[in-house]
2 protein chains.
Amino acid sequence: MLSQVYRCGFQPFNQHLLPWVQCTTVSRSHCIQPSVIRHVRSWSNIPFITVPLSRTHGKSFAHRGELKHAKRIVVKLGSAVVTRGDECGLALGRLASIVEQVSVLQNQGREMMLVTSGAVAFGKQRLRHEILLSQSVRQALHSGQNQLKEMILVTNLDFHDEQKRRNLNGTLHELLRMNIVPIVNTNDAVVPPAEPNSDLQGVNVISVKDNDSLAARLAVEMKTDLLIVLSDVEGLFDSPPGSDDAKLIDIFYPGDQQSVTFGTKSRVGMGGMEAKVKAALWALQGGTSVVIANGTHPKVSGHVITDIVEGKKVGTFFSEVKPAGPTVEQQGEMARSGGRMLATLEPEQRAEIIHHLADLLTDQRDEILLANKKDLEEAEGRLAAPLLKRLSLSTSKLNSLAIGLRQIAASSQDSVGRVLRRTRIAKNLELEQVTVPIGVLLVIFESRPDCLPQVAALAIASGNGLLLKGGKEAAHSNRILHLLTQEALSIHGVKEAVQLVNTREEVEDLCRLDKMIDLIIPRGSSQLVRDIQKAAKGIPVMGHSEGICHMYVDSEASVDKVTRLVRDSKCEYPAACNALETLLIHRDLLRTPLFDQIIDMLRVEQVKIHAGPKFASYLTFSPSEVKSLRTEYGDLELCIEVVDNVQDAIDHIHKYGSSHTDVIVTENEDTAEFFLQHVDSACVFWNASTRFADGYRFGLGAEVGISTSRIHARGPVGLEGLLTTKWLLRGKDHVVSDFSEHGSLKYLHENLPVPQRNTN
Amino acid sequence: MLSQVYRCGFQPFNQHLLPWVQCTTVSRSHCIQPSVIRHVRSWSNIPFITVPLSRTHGKSFAHRGELKHAKRIVVKLGSAVVTRGDECGLALGRLASIVEQVSVLQNQGREMMLVTSGAVAFGKQRLRHEILLSQSVRQALHSGQNQLKEMILVTNLDFHDEQKRRNLNGTLHELLRMNIVPIVNTNDAVVPPAEPNSDLQGVNVISVKDNDSLAARLAVEMKTDLLIVLSDVEGLFDSPPGSDDAKLIDIFYPGDQQSVTFGTKSRVGMGGMEAKVKAALWALQGGTSVVIANGTHPKVSGHVITDIVEGKKVGTFFSEVKPAGPTVEQQGEMARSGGRMLATLEPEQRAEIIHHLADLLTDQRDEILLANKKDLEEAEGRLAAPLLKRLSLSTSKLNSLAIGLRQIAASSQDSVGRVLRRTRIAKNLELEQVTVPIGVLLVIFESRPDCLPQVAALAIASGNGLLLKGGKEAAHSNRILHLLTQEALSIHGVKEAVQLVNTREEVEDLCRLDKMIDLIIPRGSSQLVRDIQKAAKGIPVMGHSEGICHMYVDSEASVDKVTRLVRDSKCEYPAACNALETLLIHRDLLRTPLFDQIIDMLRVEQVKIHAGPKFASYLTFSPSEVKSLRTEYGDLELCIEVVDNVQDAIDHIHKYGSSHTDVIVTENEDTAEFFLQHVDSACVFWNASTRFADGYRFGLGAEVGISTSRIHARGPVGLEGLLTTKWLLRGKDHVVSDFSEHGSLKYLHENLPVPQRNTN
C-alpha cells in the first residue's frame, strides 16, 4: 500500500481555487521519509511549534465553555459553505476567512483538520454551467464525472479496508505532528443512471449524508475532541422554523431526539439533516463533541469557527451530559412568569419578602460566611488584595446589608401601581396611567457577593423578574445567597422570579437575548459598563461609563465656601464617578487670595494639578499641561482651566463634560439660576459638592445606579428606574365611532387629581 | 514595443496567493489579436456583458450620492490592506472579499481596475521572515529583490515614455472592453544601500508615496470616474486623531488643505499621508473623484468598496464642488445649540413660535401649494395614487394643520420645566427634579409634507433641537415648510433649532450619528420603523413596528356590547396599529346567540375569519386555519381562537401578543380587574374599543407616536415622551463629609409638595 502526504492550501482548478488536499505518494509504509517531511514543511505556511496535547481524548465535553480546551478539531465544510448561493462558483471570501480562522486556531497550538466535500458541489456547479453553455448534457455529465473522480480522496471504502485505514490514520497523524493542517476531501458521490426527461438529475444527486458520516468517522478515528459541521442550517430547532414557537436548540442531548427539526430553507433537506444528526450522535458516542452551525451567514462566517471554540452560543452543541439545572432560556421564562406573579402581589407582600430575606442574612450568617470562606480560599493568590477585600463577607457587612434591605422594603411600598395620571375621557370612560415593572432585568455584577441580595431586593421591590450573573470567583457565596433569596420569595409562592445564571454562561451570550431581557444593569467598574454597552444587542443598558464633573468658581464666589466645596468634591473619595475632575475658574480670580487658598488646599491634599491650555498660558511655570480636557482621573488629580464668565464655563462643560454632575459656586443668585437652567447635565448644583449626586443622598431610598443616558432614567436612579407604565382604560361599551364628527359623544379630557407622593 | 495582456485573479506564489497581474507579451502593437482575446476570455470568470458608458468623464462628482453613477473605478490597495497586521503573510480573507466586491461591481456593468503594491509589502514580510529564520541578511535582501523585480509592472517610467504609456493605455482599454478586471501592480520600491548597524533598513524602505501617485496617474490617464484608495488610515481628520476635537472629515475640498491631519497609528506615516492627499488632489484635478478609506477593519472590509460606491459615508470623499448648505454634522451642532436656546425660553415664547407658524401656514398658503404642485408634477406617473394623495396638500389640509399646531402650542405650556419631585435633603439644601428636553431629535418621515410643521411644533413645544429628514418626493414642499418654520423660530432668535437635512443624505448614515442625535422617531409605515430600528446604531428609536391587539370576550360579557366593540375595533379602520387582530372567545360562548351575533356581524362587514387551532377543532367546516397566531392582518381579516377562561386568555396574549393594546369584554368587575392587572401590555382596556389607544383620544394633547418599548415611554406618547429630567440641587456650602457618621448634619429627605397638573 502507498501512504499519502497531503498538500494543504488552495490549488487552482479551472481558473478557480479549490481547497484541495493533494495526494502525493511517498512510501510503501505509513512512515514518511525525512525528505518528504522537508518537502511538506516547505509547503506549510505555519511556523512549526510543538505543543503537547493538553487534553486526553475519551469523553466528549459537557458544556460549551469547555470547548476552548479542544486540542484536535475537525471542521467539516458542507457544499453550501464552499460554494456561493447564487451558483456562481466558489465562495472565495468565505473560504479564505475559514482558512484564516483555522490558521489562528492552529497557531494557538491546536491540531486542526479540514474536511470538505465542496469539490462535488463546485464541480456540479461548473458542470451545470458548462452544460447550459455549450456541451450536450450527456457529454458534460460524463466528463464531469471523470473530473470529479480524480479528486476523490476518502470514501467509505477507505474505512472498511483495515490497511487503508491505518495508512490514512498514520498519514494524518504525521501531518498533524508536523503542525500541518490536512485538508481531507470526503466524497461518496453516486451518479445513478440518468432517467429519461431528467437530464440534470445525475448532477443533482450528491449523497451529503455519507459525507457527514465520513467526517464523523474520520473525527472519531483520529480521536478528535471537537467536530464542527458547517452548512447552511442554523442547527436543530425544537419545532419547524418559522412557526410561532420555533427556537434554535442550544444544547442537544441524545435523549431529546424526538423533538428535533431544522431549517426548511436549507439546501440540505430533511434527509440530509437527519443524517447530520445521526452522524453527530455517532461522533458523540465515539467521544467527539459536535457543533452543527451555519457557516454561510456573511456577518458571522468570518468568526464562526473561532466563536464556537471560544464557547459562544453558535448553532447546536451536542452533549451527552445533561446539566442538572435549567437552561438560561428556561431561566428567562421562569423569571418572566415569576416576575409577573410578583408584580401582582400587594406592596406589603413584596416588602415582607424583602424583610424575610434581611432576616435570613443574619440568621443564616454562619452558612453564608462558610461559603464565602470557600470562595476566598479558592481565590487566594489568584486575586489582588483589593479584589479579595471586595469578595469577602463579614458579620458586619451582612448586618449593614440587612439594614439596607429593610430600607428598600420601606421604599417599595410606593413604587408599583402608583397612579401617575388620571383622565376622564368621557362619561364612564376613565383612563389611568400606572407604574408597572419593566419586566425581566439582567444584572451583571463583579466579584462582590453582597451585590446579590441588594439587587434581588431592588427587583422584588419593583416587581421585576431578575436574572443574576455574578463573577465566577464568588460562586459559592452567590449560590447560598441566591438560595436564601428564593427561600424568602417562597413565602408568597414566587420563588422563580429571581434566577442565578450558571457561571459557565458567557456575558456576551446573555447580552444577545433581546427577546428575554428588557433591561441590562451592569454593576461594577466603568470598564464593565462599557463592555456591556458594547455587547448588548437591542437591549437597553442602564449605567454610566464616565463621570467628568466640573465645578465653576464664579467671580462672585464666597472665599470661605470654595475651598470647602472643592476639597469635598475632589478629595473625599476621588475614585467615585461623582468626584470632581475639572475646576473652572473665573479669569478675575487668578492671583487673588481665593485662588491661592484653593491651590494651597490642593497642595496640602496632595492633589496633582493639570493645567488647561488657557490656564497654562497665564502661568510662568505651569504644571503639566492636560493631554485632554475630557479626562476622568478618578484619583487625586485635577484639571484647572480658566474661563471668561459663566457662559464660557457652560460652553466648556457642554464641550468636554459627560453630562453627569456640574456645579457652580457663586453668591449671585441670578448667575446661579442661569447656570442651573443652561447646563445640560443630569445633575446641576449650586454651592454644593458634586458628591451629592447619589441615590441615597438624594433620598431615593434605594439606588439602582446612576444613568447618564437621556432616555428613561437620568442621574441617580431609584426604584423608579426599574418601572415603566401602562395605561388602563375602563369603559362601559365605548367605541371611537361614537366620537366621530357626526357621533353622539364628545371627548371631555378632564385631568383628575392623582394622589401625592407621601410627604413627611 | 510589446503590448501586454494582464491575467486577472490570484496566482500562487511561494505557497501564497497573490493578486497578480501576469504580463503576457502578445504583440508589437497595442492591438490584441483575436486568439489572445479568446485566451484572456478563458481566464476571466465574469460573464461577458457589454454595457455602454453611462457617464461622460470630465468633471468629478459633487457629492457621495453621485458615486453610484461611477462607471469606471480604480481601487488602489495599500500594503496594509494586502498584508496582515501581524506580519504573518497575506490578508487572504480581506483580499478575497475585495475580489468579491470588485466582481459584484463589475457585474453591475462597471469597469473595475485594481491597483496594488502589495507585492512589495508582502515580499518584504517574507523576506524579513526568512532573514529571521535562516539566511544572512544581505543574501535575503538580494534574493528578495530579484524576486520582486520580476513582478513589477508599472513604474513611474512607464508614464514618461509616450509609447509605453500608449501601450499600457491601449492594453487596459482592451481588457476593460472585454469585461476583464485588470490588476495592475504599481511599484517604485527603492532599496538604498544598507547602512551599517541597520540590517533591516533596506527592507523597510518602500516609497508608498509614489505608488499612490502612480495609481492617481493611472486613474486619470484611464479617464476613471472614481479612485478608491484603501489603506489602514480612516481618512483625513480635522485635528490630530485622539485629541479632544478630532473628527473624521467626510468631504474634503481642495481649499481646506491647511486643516488636514490623519490617523497616527497607521503604517502610512505623516509623509505617506501627505502624499496620499497630494495624489488625491491631483486625480481630482484630472476629473477623477477620490475616496480615501480604511480597508483593514474586519467588520467593514467585506463591504467597504461597495459601500463607497453606494454613496455611504466611509472615509474621506474628495470633492471640488463645495455644496451651498452646511454639512449634516454642522446641522447637528446647530440643532443642539439652537435647541438649548429654545429650552431656556419661557413656555409662552415657545407657544408664540408655534402660533406664528400656524399663522404662516394659512398666510403663505399660495406659496406652499405652489411648491407642493411642483412635487406633485414631478411625482406624476412615478408614484401610486395613494402616495400621491399623501403627498398632496390643500387649503383644508393646511387649515386643519394650523388647528393642530395651536393645540400643540396649548399643551406645550406645561411640558418643559415641570417639577416632578422636590426633596428637602437638609436645611437650606433642596433638590428638584424637573423636566427638560431630551436634546436633539431626528425625525424621519415619508412622503407626507404635512408631517414637517407638525413634528417641528412638537419639537418646539418640548424645547428639543430637531433634524428633519423628509422623503425626496416632497422636497419642494418640505423646503418651503421648513423656511416658514425657521421664520417662526426667528421671532425669538432660535432659527437654527430646526434643521432640514439635505435629501442626498442617506437615512442609514444619519442613524449612525450617535454623538449628535439623542432619539430617532420614524414616522411612517411599520416597515420604515423596522428599517430604522435595524439601522440605528446606539441611538434609541421611538416607535412601534407591530400591533397585534386582542379582545377577550368573557363568559359574562354582555351580548349588546360585544358586537359593538368588535365592530369598532376591527372594522372602523383595519389598517391602524390599534385595530383588532385576534378575538379570544370563552369556550362557554360557542354556539350561543352571542357567538352567532358576532359571526353574523363579521359576515356583514365582510371580515375574513381565520380559525385558531382550538377554534378549528370545534368546527365541522372550519374557515381557513391560521398560519400563525402572531399575525398583524391590517385588513378586514380576523383570527378567532377559543380560550378556557380569563387566565387562558392572558396566557395567550402574553405568548402571541405584541404588548400593544388588549381588551376584556365582561360585566364581571373582578374578572375585569384581574385582566387589567395581569395583562402585561402598554394599554389594557375593559369594555372599550382597542381603537382608543391613541394620543389624541387619551387627551395627551399632541401625539408623538405609540411606543411598545418598555423603556422611556410606553403606549401612546405625548409631549412627555420628548422630555427627560434633570436634578437641580441648591445649597449654601454643603459638603457630603458633614453628613458622615461623625459629621454635624443628618439627612432629612423630606418630600415637598409639587404642583399638580392643571385640572379642568
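- Under an unreviewed UniProt entry, the name given to chain A is Delta-1-pyrroline-5-carboxylate synthase, and the organism recorded is Macaca mulatta.

1. A few points about the overall build of chain A
Argument step 1. In terms of regular secondary structure, chain A is built from 25 helices and 29 strands.
Argument step 2. Here the contacts in chain A between residues at least 6 apart in sequence split such that 74% fall between residues at least 24 apart.
Argument step 3. Of the roughly 31200 Å² of accessible surface on chain A, a fraction of 51% belongs to carbon and sulfur atoms.

2. A short note on the interface of chain B and chain A
Where interface size is quoted, it is often the accessible area lost as the parts come together.
Argument step 1. Contacts between chain B and chain A engage 103 residues on the former and 102 residues on the latter.
Argument step 2. Buried surface at the junction of chain B and chain A, both sides included, amounts to about 9000 Å², of which 51% is carbon and sulfur.
Argument step 3. The tally of links between chain B and chain A comes to 57 residue pairs in polar contact (both at pLDDT 80 or more).
Argument step 4. Tallying contributions element by element places strand 28 (residues 723–734) of chain B first for the side of chain B that touches chain A, with 11 residues.
Argument step 5. Pairing geometry for strand 25 (residues 683–688) of chain A and strand 28 of chain B, over 5 bridges, is parallel. Paired with Phe685 of chain A across the strands is Leu729 of chain B, a residue of strand 28 of chain B.

3. Description of the packing of helix 24 (residues 646–656) of chain A against helix 25 (residues 669–678) of chain A
Two numbers describe a pair of packed helices, the interaxial angle and the distance between the axes.
All names here are of chain A.
Argument step 1. As a packed pair, helix 24 and helix 25 sit with axes 10 Å apart at the nearest point and diverge in direction by 25°. As the angle between them shows, helix 24 and helix 25 are arranged roughly parallel. In the packing of helix 24 onto helix 25, the handedness of the crossing is right-handed. Together, Val646, Gln647, Ile650, Ile653 and His654 of helix 24 and Thr671, Phe674, Phe675 and His678 of helix 25 make up the contact between the two elements.
Argument step 2. In terms of residue class, the contact of helix 24 with helix 25 is built from 5 nonpolar, 4 polar and no charged.

4. Re helix 7 (residues 162–177) of chain A
All names here are of chain A.
Argument step 1. Over its 16 residues, helix 7 extends 22 Å from the first C-alpha to the last, a length consistent with the 22 Å expected when each residue adds 1.5 Å.
Argument step 2. Among all positions of helix 7, only Asn167, Leu168, Asn169, Gly170, Thr171, Leu172, Leu175 and Leu176 are buried.
Argument step 3. Remark: Asn179 follows helix 7 within two positions and exhibits a positive phi of approximately 60°.

5. Describing the relation of the copies chain B and chain A
Argument step 1. Take chain B, turn it by 180°, move it 0.0 Å along the axis, and it overlays chain A with an RMSD of 0.1 Å. In short, the pair behaves as if placed about a two-fold rotation axis. Within chain B, the C-alpha atom positioned nearest to the axis of rotation is that of His712 of chain B, 1.9 Å from it.
Argument step 2. Most of the interface of chain B is mirrored in chain A, where 99% of its interface residues are also at the interface.

6. Some words on the environment of Glu605 of chain B
Residue and element names in this part refer to chain B.
Argument step 1. Mapped onto the elements of the fold, Glu605 is located in the loop between helix 22 (593–604) and strand 22 (608–611).
Argument step 2. Taking the C-alpha atoms as reference, Glu605 lies 54 Å from Trp727; in sequence the two are 122 residues apart.
Argument step 3. Setting aside residues no more than four positions away along its own chain, Glu605 makes contact with Arg567, Cys571 and Leu636.
Argument step 4. Here Arg567 takes part through its side chain, which lies 3.1 Å from a polar atom of the side chain of Glu605.

7. Some thoughts on the pattern of salt bridges
Residue and element names in this part refer to chain A.
Argument step 1. Counted by the stated rule, this structure contains 76 salt bridges over all chains.
Argument step 2. Taking the shortest distance from any N to any O, the salt bridge between Lys76 and Asp212 comes out at 3.3 Å. Here Asp212 lies in helix 9 (residues 208–221) and Lys76 lies in strand 5 (residues 72–77), a separation of 136 residues in the sequence. Like Asp212, Lys76 is buried.
Argument step 3. In this structure, Asp648 engages Lys614 in a salt bridge whose closest nitrogen and oxygen atoms are separated by 3.4 Å. Taken together, the residues span a long stretch of sequence, with Asp648 in helix 24 and Lys614 in helix 23 (residues 613–618) at a distance of 34 residues.
Argument step 4. Taking the relative accessible area as the measure of exposure, Asp648 reaches 18% and is therefore buried.

Reading the values: the criteria
Residues numbered from 1 in each chain as written. Chains lettered and ligands numbered in written order. Predicted model: local features only at pLDDT ≥ 70, side-chain atom pairs only at ≥ 80, totals over all residues. Heavy atoms only, no water. Helix = DSSP H or I, 4+ residues; strand = E, 2+ residues; numbered from the N terminus. Contact = heavy atoms within 4.5 Å. Areas by Shrake-Rupley, 256 points an atom, 1.4 Å probe, with all protein chains shown as cover. Buried area = accessible area lost by both parts, 1.4 Å probe. Polar contact = N/O pair within 3.5 Å; in protein donor to acceptor, adjacent residues only side chain to side chain. Pairing = 2+ DSSP bridges. Axes fitted to C-alpha atoms, helices over the stretch in contact; angles between N-to-C directions. Parallel < 35°, antiparallel > 145°, perpendicular 65-115°, else oblique. Left-handed = near helix turned anticlockwise from the far one by under 90°. Nonpolar A, V, L, I, M, F, W, Y, C, P; charged D, E, K, R; others polar. Expected span 1.5 Å × (residues − 1). Buried < 20%, exposed > 50% of the residue type's maximum accessible area, 1.4 Å probe, protein only. Least-squares fit on C-alpha atoms with pLDDT ≥ 70 in both. Salt bridge = Lys/Arg side-chain N within 4 Å of Asp/Glu carboxyl O.

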